[in-house]
Amino acid sequence: METSNALGEFLRAHRERITPEDVGLSKGVGVRRVPGLRREEVAMLAGISSDYYLRLEQGRDRRPSMQVLDALARVLRLDADATAYMISLSQPSSRTATRPAAAPATVPESVRHLLDEIVSPAFVQTRWLDVLAANRMAVALSPNLSPGVNRLRAAFLDPAERTFHRDWPEAVARVVAGLRADAIGHRDDQRLAALVGELSRESDEFRQLWARHDVRRQEGRFSLMRHPEVGDLDLFAEKLMIGGTDGLLLGIYHAEPGSESARSLALLGSLAAST
C-alpha cells in the first residue's frame, strides 16, 4: 500500500538499481554496503547537496523544483513514463481523502454492440482492470475476462492464471508497471488504494513488484497463453482508449492471419458457438 512518503520510496527503489558503472563512477575498493548508488553519489551527480537529497528520501522535503526532478530523472535513468510518475508524486494531491468514490463506470451502448460484432476476444475494462463487458469469445478464452472480474486480482490470486499465461512472470510485471503509469493523476483514487492494499496483504509477489516502483504504460504486446481446450496461443494484445469515458479501455486479442494460433482461435470460436 502507498505510504505518505511515496516520493522518497520511489527515489530509493530506483537509486538501488543503478550501479556506479551505469553512471560512469568507479566502484572503488572494498565491499559496498548498499545496493546501487549511495545517496551522496546521486546528490553529486544531480548537482544538489547530500543533505537535501537525504531530506527528499526521508520525506522531510516533498516539493522539489522541476530543475531538481529533471536532474534526478537523468541520474536515475528514468524514461518519460517514470519521470512523469515521479513528478506526480511531488505535486499536491488534487483530491481529498474524504472525497466520495466515483460513480460506477458505464459502458456506452454503442461499444456493447461493437463487442458483439468483433469476432476476436474483446472486452471493456476500467483503468484499474475491472472487466465491465466482454463478448462470448473473451469469456471462452478465459473466465477471468468475464464481467465483474478484476484482472489484476485474478492474475495474483487465481492459481490458474500461472498455467494460462505461459509468460506469467513477465506479464504480471508489465501489468503492475502499467498500473503505476495509470495512477498518474489518480493516486488518491479509492478504488486503486483498496486494490493495492488488498493485493499487498494477499500476495507476496505483488507486494515485491509494487515495491520496485516500475512505471511503464501498457501498449500493444504479444501475449503467450495455454488454453485448456485448444492449446498454446500466441496473440497480439491491443488496448484502445474509449473516447468520452473516464479511462475505459477496449481490449482485443487477435492472432496473426494464417498462423497456428489463428486456427486455434477459430476452433475456440466454434467451441464457444456450440455451447
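Data block above holds the structure.
Since we're looking at a predicted model, the values are computed, not measured.

Overview of the overall build of the protein chain
If you tally the helices and strands in the protein chain, you get 13 helices and five strands. On the principal axes, the C-alpha backbone points of the protein chain span a range of 70 × 45 × 30 Å. By residue count, 46% of the 275 residues in the protein chain fall in the buried class. When contacts within the protein chain are restricted to residue pairs at least 6 apart in sequence, those whose partners lie at least 24 apart make up 56%.

Considerations on the nonpolar core
Core analysis: the biggest nonpolar cluster contains 46 residues, and Leu-72, Met-86, Leu-152 and Phe-156 have the highest contact counts within it. Membership of the second largest hydrophobic core comes to 16 residues, among which are Phe-123, Val-131, Leu-141 and Leu-145.

Thoughts on empty space enclosed by the protein
Following the criterion strictly, the structure yields one cavity of 30 Å³ or more and no others. Taken as a whole, the largest cavity holds about 280 Å³ of empty space. Taken together, 21 residues make up the lining of the largest cavity; nearest its centre are Arg-151, Glu-161, His-165, Arg-221 and Tyr-253. Secondary-structure elements contributing two or more residues to the lining of the largest cavity are α8 (151-157), α9 (160-164), α10 (168-182) and β3 (221-227). At five residues, the largest contribution of residues to the lining of the largest cavity is made by α10. Along the lines of polarity and charge, the residues of the lining of the largest cavity split into 12 nonpolar, four polar and five charged.

Examining the sheet that holds strand β1 (residues 122-125)
Pairing in this open sheet of five strands is antiparallel, and the strands run β2-β1-β5-β4-β3 from one edge to the other. At either margin of the open sheet sits one strand with a lone partner, and together these are β2 (131-134) and β3. Averaged over all pairs of adjacent strands, the angle between strand axes in this sheet comes to 30°, irrespective of strand direction. Two elements, strand β4 (residues 231-241) and strand β5 (residues 249-254), share six bridges in a ladder whose sense is antiparallel. Looking across to β5, one finds that Ala-237 is bridged to Tyr-253.

Observations concerning the packing of aromatic side chains
Here the distance between the centres and the angle between the planes together describe a pair of aromatic rings. Applying the stated criterion to the full structure yields six aromatic pairs. Their ring planes at 35° and their centres at 6.1 Å tell us that Phe-123 and Tyr-253 sit as a pair that is tilted. Placement of the pair is Phe-123 in strand β1 and Tyr-253 in strand β5, with a sequence separation of 130 residues. A residue is classified by how much of its surface remains accessible, and Phe-123, at 1% relative accessible area, is buried. Owing to a relative accessible area of 2%, Tyr-253 belongs among the buried residues under this scheme. These aromatic residues form a ring-pair network of at least three members: Phe-156, Trp-168, Phe-206 and Trp-210.

Things to note about the pairing of β2
Pairing analysis gives three bridges linking β1 to β2, with the strands arranged antiparallel. Bridge assignment links Gln-125 to a residue of β2, and that residue is Val-131. In textbook terms, the turn of a hairpin is the stretch between consecutive antiparallel strands, and for β1 and β2 this stretch comprises five residues, one of which, Leu-129, has a positive phi near 70°.

Observations concerning helix α5 (residues 80-89)
Of all 10 residues that make up α5, eight are buried, and the element is covered over most of its length. Among all positions in α5, only Asp-81, Ala-82, Thr-83, Tyr-85, Met-86, Ile-87, Ser-88 and Leu-89 are buried. As for α5, its buried residues are in contact with α1 (6-15), α4 (66-75) and α10. Its side-chain oxygen 3.3 Å from the backbone nitrogen of Asp-81, Asp-79 forms the N-cap of α5.

Here's the deal with α10
End to end, α10 covers 21 Å across 15 residues, agreeing with the expected 21 Å (1.5 Å per residue, within 8%). Against α5, α8, α9, α11 (190-202) and α12 (204-211) lie the buried residues of α10.

A short note on the environment of Leu-141
Assignment of secondary structure puts Leu-141 in helix α7 (residues 136-141). Placed 122 residues apart in sequence, Leu-141 and Arg-263 show a C-alpha to C-alpha distance of 14 Å. Not counting residues up to four positions away in its chain, the partners in contact with Leu-141 are Pro-121, Phe-164, Met-225, His-227, Leu-233, Leu-235, Tyr-253 and Leu-268.

About the thresholds
- Residues numbered from 1 in each chain as written.
- Predicted model: local features only at pLDDT ≥ 70, side-chain atom pairs only at ≥ 80, totals over all residues.
- Heavy atoms only, no water.
- Helix = DSSP H or I, 4+ residues; strand = E, 2+ residues; numbered from the N terminus.
- Buried < 20%, exposed > 50% of the residue type's maximum accessible area, 1.4 Å probe, protein only.
- Contact = heavy atoms within 4.5 Å.
- Core = buried A, V, L, I, M, F, W, Y, C linked by side-chain atoms within 4.5 Å.
- 1 Å grid on protein atoms, 1.4 Å probe; cavity = no way out; pocket = protein on both sides within 12 Å on 5 of 7 lines; lining within 4 Å.
- Points joined across faces, edges and corners; volume = space filled by probe spheres on them.
- Nonpolar A, V, L, I, M, F, W, Y, C, P; charged D, E, K, R; others polar.
- Pairing = 2+ DSSP bridges.
- Axes fitted to C-alpha atoms, helices over the stretch in contact; angles between N-to-C directions.
- Phe/Tyr/Trp six-rings, centres within 6.5 Å; stacked < 30°, edge-to-face > 60°.
- Polar contact = N/O pair within 3.5 Å; in protein donor to acceptor, adjacent residues only side chain to side chain.
- Expected span 1.5 Å × (residues − 1).

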